[in-house]
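Residue strings, one per chain:
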Amino acid sequence: MSSLVAALVLAISSIALLGAAPANADACYTWDRTLRSGSSGSDVAELQERVAGWAGYGVNMAIDGSYGPQTTQAVKNFQAAYGLSADGVAGPNTFAQIHALQDADCSPLHFSWAEVDGGCGAGGYSGGSVSATTVRTNLLRSMWRAEALRHRMGDKPVRVTSGFRSQSCDRAVGGSGTGQHTYGRAIDIVPVNGNNTFCNMARTARYIGYGAIFGPGYPGHNDHVHVDIRSGRTWSAPSCGI
Ligand code: ZN
């Protein structure tokens, strides 16, 4: 092979490499190393935020940047749910799957900022019980858990009817003005086109890491299921045996 041809081959393969987006990058976040048990750092927290809905029944996983047993289990369950080799180690295949589920604005594929912001039609993230930045962080965590919930139910679509509410909005709809919706930690969800049931949603939510679940039989919750990411476990949907 002449040196000219060799140079051309090299140039063409470089272009091919540049043309393919790296599997571990998108417009929202890029992981630049494999993460595993014992890893720590903000990249672990970014991972935890996206897989927390897979930690298991009743496990409300800490987003603490420390890759411990709960993170390993969550990654394993996430990998299994999406047909990947379930080794509990987050490498390129796991990051590629996360990116496939993530929009450029960091919201998960089947949920949007528009549907979780400002209750009462106001829009935005101010006027809550915490800063707008914290509200957005909490909403993102709520949306990733909702993405897990949706997939766990066989990808049956779920619609959010209320997410963040300012304190005045919360009071206007009969809330205390300081509840979980005012922190961005809560969403109210309903099935779409009747292809799911409130009870199935409430029962499945027990596996998704929600601290609170209120559904059918709990006062005021026969027409939606409320899920939020508070700590502890406060579940009530008496009509569903919860
Ligand atoms: Zn609610």
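Computed from a predicted structure; not experimentally measured.

Explain the overall build of the protein to me, using residue names and the numbers behind them.
Scanning the protein from N- to C-terminus turns up 8 helices and 5 strands. Considering only contacts within the protein whose residues lie at least 6 apart along the sequence, 56% involve residues at least 24 apart. For the protein, the accessible surface area stands at approximately 10,800 Å², while carbon and sulfur atoms represent 53% of it.

I'd like a rundown of helix α4 (residues 92-100), residues and numbers included.
The complete set of buried residues in α4 reads Thr-94, Phe-95, Gln-97, Ile-98 and His-99. Buried residues belonging to α4 abut α2 (42-51), α3 (69-81) and α6 (132-152).

Run through unusual backbone geometry, naming residues and quoting values.
Phi at Cys-106 takes a positive value of approximately 80°, unusual for a residue other than glycine. Tracing the sequence through the fold places Cys-106 in the loop between α4 and α5 (113-116). Overall, Cys-106 belongs to the buried group, its relative accessible area being 18%. Despite not being glycine, Asn-193 has its phi angle at roughly 55°, a positive value. Within the element layout of this structure, Asn-193 appears in the loop between β2 (186-191) and α8 (198-205). Owing to a relative accessible area of 74%, Asn-193 belongs among the exposed residues under this scheme.

Please give an account of the pattern of salt bridges that cites residues and values.
Proximity of charged atoms lets side chains of opposite charge pair with each other. The full count for this structure, using the stated rule, is 8 salt bridges. Among the ionic pairs, Glu-49 bridges to Arg-141, the shortest N-O distance being 3.1 Å. Remark: Arg-141 occurs in helix α6 and Glu-49 occurs in helix α2; sequence separation between them is 92 residues. For Glu-49, a relative accessible area of 9% gives the class buried. Here Arg-141 falls in the partly exposed class, since its relative accessible area comes to 21%. Put simply, Glu-46, Glu-49, Arg-50 and Arg-141 are held in one network by salt bridges that share partners.

Help me get a handle on the coordination of the zinc ion, residues and values and all.
Around the zinc ion, the protein supplies His-181 (NE2), Asp-188 (OD) and His-226 (ND1) as donor atoms, at distances of 2.0 to 2.1 Å. In the primary structure, the donors to the zinc ion are separated according to the pattern H-x6-D-x37-H. As far as burial versus exposure is concerned, His-181 and Asp-188 are alike and both buried.

Describe in detail the state of the cysteines, supporting the description with residues and values.
A full pass over the atoms with the stated rule returns 3 disulfides. What pairs with Cys-120 in a disulfide is Cys-169, and their sulfur atoms sit 2.1 Å apart. Looking down the S-S bond of the Cys-120 and Cys-169 bridge, the torsion is 85°, so its handedness is right-handed. Separated by 49 residues along the polypeptide, Cys-120 in the loop between α5 and α6 and Cys-169 in helix α7 (residues 167-172) bring together distant segments of the chain. The disulfide bridge from Cys-199 ends at Cys-240, spanning 2.0 Å between sulfur atoms. Taking the torsion about the S-S bond as the criterion, the Cys-199 to Cys-240 disulfide, at about -80°, is left-handed. Of the two residues, Cys-199 is situated in helix α8 and Cys-240 in the segment after β5 (234-236); the sequence distance between them amounts to 41 residues. Exposure remark for Cys-199: the relative accessible area of 17% places this residue in the buried category. By relative accessible area, which is 6% here, Cys-240 ends up buried. Listing the disulfide partners of the protein by sequence rank of the bonded cysteines yields 1-2, 3-4, 5-6.

Rules used throughout
- Residues numbered from 1 in each chain as written.
- Predicted model: local features only at pLDDT ≥ 70, side-chain atom pairs only at ≥ 80, totals over all residues.
- Heavy atoms only, no water.
- Helix = DSSP H or I, 4+ residues; strand = E, 2+ residues; numbered from the N terminus.
- Contact = heavy atoms within 4.5 Å.
- Areas by Shrake-Rupley, 256 points an atom, 1.4 Å probe, with all protein chains shown as cover.
- Buried < 20%, exposed > 50% of the residue type's maximum accessible area, 1.4 Å probe, protein only.
- Salt bridge = Lys/Arg side-chain N within 4 Å of Asp/Glu carboxyl O.
- Donors = N, O, S within 2.8 Å, 3.2 Å for Na, K, Ca; no water.
- Disulfide = S-S within 2.5 Å.

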